Amino acid sequence: MAIDLNGAIAAIGAGVAIAGGAMGTGMAQSGIGSAGIGLIAEKPNQIGIALLFLVLPETLVIFGFVIAILVMLAGGLI
Amino acid sequence: MLRTERMQKVRLLCLKKDRRAVVHELHRLGAIDLRRSGLQLSDGSVGDEVQQISDMLIRVGGAIDVLRAYTDVKRRSQPTPVKHMALGTLLERLGSYSQIGETYQISAALKELDDQAEILGAAARVANALAGIDIDMASLRSDVLSFKAFEMSADQVERLKSTIGERGISAEVLASRMNGKEFGVLVAYDKKASIDDVIKGIAPRELDITMKELHGKPKEAAARIARELAENAKRRKELQARLRNLAAENLDKLLALREMLEIELEKGNASSEFKVTESAMVIEGWVPRKRTEELESRLALATSGRFEMEYIEAGEDELAPTLVNRPSFLKPFDYLMEFLSLPRSDEIDPTWIFIISFPIFYGLMISDVGYGLASLLLSWYITRITDPDGLMYNTAKIWELGAMSAVVFGVITNEYFGFQVTQLIGFQGIDWTKSITSILAITVLFGIVQVGLGIIFGIVNARRERENKLVVSRSASLVTLVSGTLAIAGGFFGLMPAGPSIDMAVLAVAALLVTIIFGGREATEVTNLITHPLSYSRIMGFGMASIIIASLIDKAFTPNWAAGPLLFIGFLIIFIALHFLNMILSIFEGIVQAVRLNFVEFFTKFYKGGGIKFRPFGYRRVYTVDADASDA
C-alpha cells in the first residue's frame, strides 16, 4: 500500500499520540501500582479498590488512541 | 427499582417478663436491625446465661473440630428440623451428651499416643543405628567414661578415628554399618577429655543416647521398640476408627445443636442493646416499612398484646440502614457494590444500571464466541471451587453474565477465536476493523447516555437534599452535554443543518457558564463533561485490540497438517498458548474496564455511597430449619 506525505505524517502523528498516552499511563501506574501493592499487603481485602485506582490512568492511553484514530481518519489511512 | 427499601425506625415498649418471648419472636422474624436507644434509662444486662452458653459453645465447638477431621468436611446432610427448646433444656441436653466427653477423651489419648510414637521413633533410630555394637546401653551412663553417638559416612568415620589418634585423645570408636553407606558410631572417651573440637570439624548428626527407652543391647532395644511402635499404631488405629464412628453418628447432631446454641447466644447478647426500667424494657431498631405491620401482629401474638410500638424519627446524623431486594442471581452485583461502597438509604441506587451496562460493555470488549464460551467455562469452574461468600465467587458470577453477552456480540461480529466463519453460517457480521468510525461513535454515545443519566441522578439527589444551586448547576451540565453532543454531531459528522448546529454550540457554551457560576467547587468538574463520555471509547479500543491480536495469531500460527506432523503440533501449541494469553488479557481488561466505566465515569456524577448494610436481628440457619415456623 502506497502512502503519500500526508498519510506518512498522519501515521507518525498517530504513533506519537499512542506513545505519549502510553508513557503517561505507564508513569502514573508505576506509582499507583507500588502504592496499591503496599495497600494490599496491609489490607488484602482492599484489592478491589487498589485495582480500580490502578486502571484510572489508562484513560490517558485511551485518549491517545482516540486521537490516533482521528488523525488516521483525517490522513486517509483508515 | 432505583431505590433501596424504605426503612422505618421503631420503638418497642414491653414488659420485662415478656423478654424471652419478644426476643424469640424478633429473632425468628429477622426484620429489625437493633439500635441502642438514646433514652436516659439503664442498659440491659447480658446476664449469666450468656456465659453459660459461651462455655457450652466452646465445649461443643471443640468436639466438632475434632470430629470434622475424621469425616468428609464437604459432606453436609439436609438441615435438621428443630423445634424451639428452652435454653435450660438445651444446656441440660448438651451437658448429658456423653459422646462429647468421649470425643475429648479419645482426642487426648490420641495426642498422648502421638507423643509416645514420636519418642519411640527417635529411640528406634538410635537403637537401629547402634544395632551392630554389642554393648549394654545401661552402661552408657557411666561415672568414668563419657559416650556420644552419631550417624556418619564411612569417610567421616575414618576422619574421626584419625583425628582422635593424631590428637592423642584416649577414646574408642565403635562403628556399626546401617543401611547403605551410613554408619552408627559410638565414641567412648575419658570423662576428663573432650572430643567437641574433633566433632565440630566433622559435623556428623548426633544421636541422643540419654532416652530412658534405650536399655539393654541396641539390637534387642530396636526389636522391643519396634513392637511398642506397632502396638502404638494399632491402638491409634482403633481410636481413630472410634472417632470416625462418633463423627458419622454425631457430627450432624452436634452441628445442629451448636447452631441452636449460637442462636440462643445472639438472643442473649441482644439484651445489651435494650434499655430497661424496673419492669419494662425499650427496644429500638430499623424495620423495612413494608414489614412493620407483620412485626406488630407477631409481637401482639407473642405477648398477648402487652406491648407498644411507635414510629420514631431518626436522629439528626443518623442514617437508615440500606436494604436491597433483588433476584438471587443478581446478588453478586450487590456483593460487588458492597465491596466497593454500599449506596446510602437516602440516595439513588444505581446497581440496576450497573447490572445492565456491565454485560454490554464486557461483551462488546470481548466480542468473540470462542472467548465468550471459554470465559463461561472458566467462570463456571471458579464458582464450583470458591466460597459463595467470597469475592472470587461473586466476581465469577458477574463474569458469567458478561461471558454470555460476549458470545452474543461474538455472533454479531462473526468472531470465533479470531476466525470469521461467514461461509459456515452464511452471515457476514459486523467487521470491527472496517467499522471503526461507527463503533467509536456508538461507544461514545454509550458514554453520553450513561454520563447524562448520572447527571440526572445527581439532580434528583441534589433536589432531595435541597441544594438548589447544585440543581441549577447540574441541570446546566446536562444541557451542556446534550447540546454539545448535538453541535459536535452536526458540525463534525454533518448530521444536522449548519444553523441549528451553531445554535446548539452557543447553547452549550451558555449552559457551561451557568454550570461554572452555580457549581461552586463542582465547577472544576466541567472538563469531565468532555473527557468522561470520550473515556467510553476504551470499549472500542480494547475490543479492537483483542480482535486484531486474535486474527494476527490466526494468520501467523494456524497449524497446517501439510507442513508435517512436528510443525503441526508445534504450531498448535503456540496457537493455543497465544490465544489463551490474549483471552486472559482481554478477560481481565474487560472486567476491570467495564467496572471502572461504571464506578468512575458514571457514579462520580451523583453517588455518595458509604451506606450501612441492614443487618436484621436473626440468624442464617445452615444446619437446622425452624420446625415451629413450618408448623405455623
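It should be noted that the structure appears before, not after, this text.
Notes on the structure in this doc start here.

The rules behind the values
Residues numbered from 1 in each chain as written. Chains lettered and ligands numbered in written order. Predicted model: local features only at pLDDT ≥ 70, side-chain atom pairs only at ≥ 80, totals over all residues. Heavy atoms only, no water. Contact = heavy atoms within 4.5 Å. Buried area = accessible area lost by both parts, 1.4 Å probe. Salt bridge = Lys/Arg side-chain N within 4 Å of Asp/Glu carboxyl O. Polar contact = N/O pair within 3.5 Å; in protein donor to acceptor, adjacent residues only side chain to side chain. Helix = DSSP H or I, 4+ residues; strand = E, 2+ residues; numbered from the N terminus. Buried < 20%, exposed > 50% of the residue type's maximum accessible area, 1.4 Å probe, protein only. Pairing = 2+ DSSP bridges.

### Comments concerning the interface of chain B and chain A
Thought 1: Tallying the contact residues gives 25 residues for chain B and 18 residues for chain A.
Thought 2: Buried area between chain B and chain A, both sides added, is near 1,700 Å², and the carbon and sulfur share of it is 81%.
Thought 3: Along the contact surface separating chain B from chain A lie zero salt bridges.
Thought 4: Our enumeration of links across chain B and chain A arrives at five residue pairs in polar contact (both at pLDDT 80 or more).

### Points about unusual backbone geometry
All names here are of chain B.
Thought 1: Unlike most non-glycine residues, N414 shows phi in positive territory, near 60°.
Thought 2: Within the secondary structure, N414 is located in the loop between α12 (391–413) and α13 (422–425).
Thought 3: For N414, a relative accessible area of 0% gives the class buried.
Thought 4: Phi is positive for R466, which is not a glycine, with a value near 55°.
Thought 5: Assessed through its relative accessible area of 70%, R466 is described here as exposed.

### Examining the pairing of strand β5 (residues 145–153) of chain B
All names here are of chain B.
Thought 1: Across the nine residues that make up β5, a large majority, seven, are buried.
Thought 2: Pairing analysis gives three bridges linking β5 to strand β8 (residues 205–207), with the strands arranged antiparallel. Paired with F150 across the bridge in β8 is E206.

### Topic: the pattern of salt bridges
Residues and elements named next belong to chain B.
Thought 1: Within the structure shown, the criterion is met by 30 salt bridges over all chains.
Thought 2: Of the charged contacts in the structure, one is a salt bridge between E400 and K397, with a shortest N-O distance of 3.6 Å. Separated by three residues within a single helix, E400 and K397 lie in helix α12, roughly one turn from each other.
Thought 3: Owing to a relative accessible area of 13%, E400 belongs among the buried residues under this scheme.
Thought 4: Using a relative accessible area of 28% as the deciding quantity, one classes K397 as partly exposed.
Thought 5: Overlapping salt bridges bring together K9, R11, E284 and E318 as one network.

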